[in-house]
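Spelled out, the chains give:
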Amino acid sequence: MSDIIELPSYKEQSDSVRARFADIYQRPIKLEVKDVSKSFNTAKGQIDVLSPISFNVHRREFISVIGPSGCGKSTLIRMLAGLETVSGGQFLLDGKEASGPGADRGMVFQGYTLFPWLTVKKNVMFGLEVNGHSGTSVEQEAMQWIELVGLGHAAESYPSQLSGGMKQRVAIARALANQPQILFMDEPFGALDPHTRSQMQSHLLQIWHNVDVTIMFVTHDLDEAIYLSDRILVLKANPGEIQEFIEVPVPRPRTPEQMLSPEFLATKQRLEELIHPKEHTSTQDLPIVRMTSVNDNVE
Ligand SMILES: Nc1ncnc2c1ncn2[C@@H]1O[C@H](COP(=O)(O)OP(=O)(O)OP(=O)(O)O)[C@@H](O)[C@H]1O
């Protein structure tokens with residue numbers, strides 16, 4: 001008897017998943033990306049990093065962006081966050097052309113970007129004050145966001161007293177405190193150990209469940225992309241282009257146990273095909289590398 005499990009197509013959706021996507025597409029378009037491209041002028045000449053790409057993101061969607069190294073994921077997110085100029089095309093936020101950074105867009109990076117000389121509470125208050133909030137309500141507002149990310153007990157701690165996961169929770173609180181329409185996250189959990197990373201993923205889903213915010217999340221981790229997202233934007237490199245925009249067929253609410261479900265594995269298989277096509281070679285195709293003497297009995 002064969003022990004190979006036949007996976008369903010990643011395009012197969014249960015009724016509840018299909019209904020969820022129908023609901024998402026009915027929501028207003030939060031972000032409309034129209035033929036946005038990017039080239040850099042370098043000493044060696046012009047590098048075309050992103051070909052014109054177009055896509056829409058609906059209100060309260062969770063979108064992940066994945067693709068091989070150098071395909072332009074960070075560049076795309078940085079342009080949409082207003083931290084990098086676009087070379088061509090435009091993007092609209094709530095129907096209005098956006099350019100430059102604004103309080104309507106928040107950003108969380110992989111590196112810890114907290115001020116080490118300020119407490120957790122003061123770090124979050126700083127973000128609010130920079131964006132024009134003032135008065136006694138700033139402290140209360142900051143505390144609300146700190147509680148939301150589960151760090152009420154650490155409000156008076158300094159960043160050096162926090163673990164990596166806690167620092168990223170403060171960064172999320174600081175970004176959300178300005179109530180952005182879209183939160184851009186660039187490999188925010190990339191520096192965390194696997195256990196903390198998976199805790200942070202569940203935590204982020206919980207935060208997103210409680211806050212009216214649309215999220216675009218860059219990651220290299222296929223499991224992370226599937227676990228978190230409604231849809232996954234898969235880019236290819238040289239130049240960066242959209243390969244596929246995948247609707248994740250895994251039902252919500254998500255739990256880590258779903259990572260072994262047929263629909264999760266089918267989606268992962270599809271992402272592997274798109275991102276690591278060369279790794280789908282048989283071991284017979286690999287060159288033989290002899291690192292031991294052929295006379296050694298190693299088996
Ligand atoms: N300021 C810049 N000047 C010149 N080239 C740049 C600049 N920023 C990015 N690039 C180039 O653009 C390409 C895309 O970079 P980007 O960081 O967006 O890719 P990425 O998909 O996020 O990569 P990774 O997965 O490795 O983080 C790379 O070849 C990079 O060297």
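Above: the structure in question.
Residues numbered from 1 in each chain as written. Predicted model: local features only at pLDDT ≥ 70, side-chain atom pairs only at ≥ 80, totals over all residues. Heavy atoms only, no water.

A. Region of interest: the sheet that holds strand E1 (residues 29–42). Spatial strand order, E2-E1-E4-E5: four strands in an open sheet with antiparallel pairing. The open sheet has two edge strands, strand E2 (45–58) and strand E5 (96–97), and neither has a second partner. Note that E1 and E2 share 10 bridges and pair antiparallel. For Asn41, the partnering residue across the bridge sits in E2 and is Gln46. Where helix H2 (residues 73–80) meets the sheet, it contacts E1, E2 and strand E4 (88–93), and its direction lies at approximately 120° from that of E1. (Pairing = 2+ DSSP bridges. Helix = DSSP H or I, 4+ residues; strand = E, 2+ residues; numbered from the N terminus. Contact = heavy atoms within 4.5 Å. Axes fitted to C-alpha atoms, helices over the stretch in contact; angles between N-to-C directions.)

B. Local environment of the side chain of Arg27. When you line up the elements, Arg27 lands in the loop between helix H1 (15–26) and E1. At a separation of 3.1 Å, a polar atom in the side chain of Arg27 contacts the side chain of Asp23. Once you skip the residues sitting within four places of it in the chain, Arg27 turns out to touch Arg20, His58, Arg59, Arg60 and Glu61. (Polar contact = N/O pair within 3.5 Å; in protein donor to acceptor, adjacent residues only side chain to side chain.)

C. Structural context of the site of the ligand. Every residue close to the ligand is listed here: Phe40, Thr42, Val49, Pro68, Ser69, Gly70, Cys71, Gly72, Lys73, Ser74, Thr75 and His220. In the environment of the ligand, an oxygen atom lies 2.9 Å from a nitrogen or oxygen atom belonging to the backbone of Gly70. With respect to the ligand, the backbone of Gly72 contributes an N or O atom lying 3.0 Å from an oxygen atom. For the shell around the ligand, the elements supplying multiple residues, two or more each, are E1 and H2. The element contributing the most residues to the shell around the ligand is H2, with three residues. Its residues placed into classes, the shell around the ligand shows four nonpolar, seven polar and one charged. (Near = heavy atom within 4 Å. Nonpolar A, V, L, I, M, F, W, Y, C, P; charged D, E, K, R; others polar.)

D. Expanded view of the packing of helix H3 (residues 120–130) against helix H5 (residues 164–177). Packing of H3 against H5 brings their axes to within 8 Å, and their N-to-C directions diverge by 30°. Classified by the angle between their axes, H3 and H5 sit roughly parallel to one another. You can see that H3 and H5 cross each other, and the crossing is right-handed. Taken together, the residues of H5 that come into contact with H3 (itself represented by Val120, Asn123, Val124, Gly127 and Leu128) are Val170, Ala173, Arg174 and Ala177. For the contact of H3 with H5, the residue count by class is six nonpolar, two polar and one charged. (Parallel < 35°, antiparallel > 145°, perpendicular 65-115°, else oblique. Left-handed = near helix turned anticlockwise from the far one by under 90°.)

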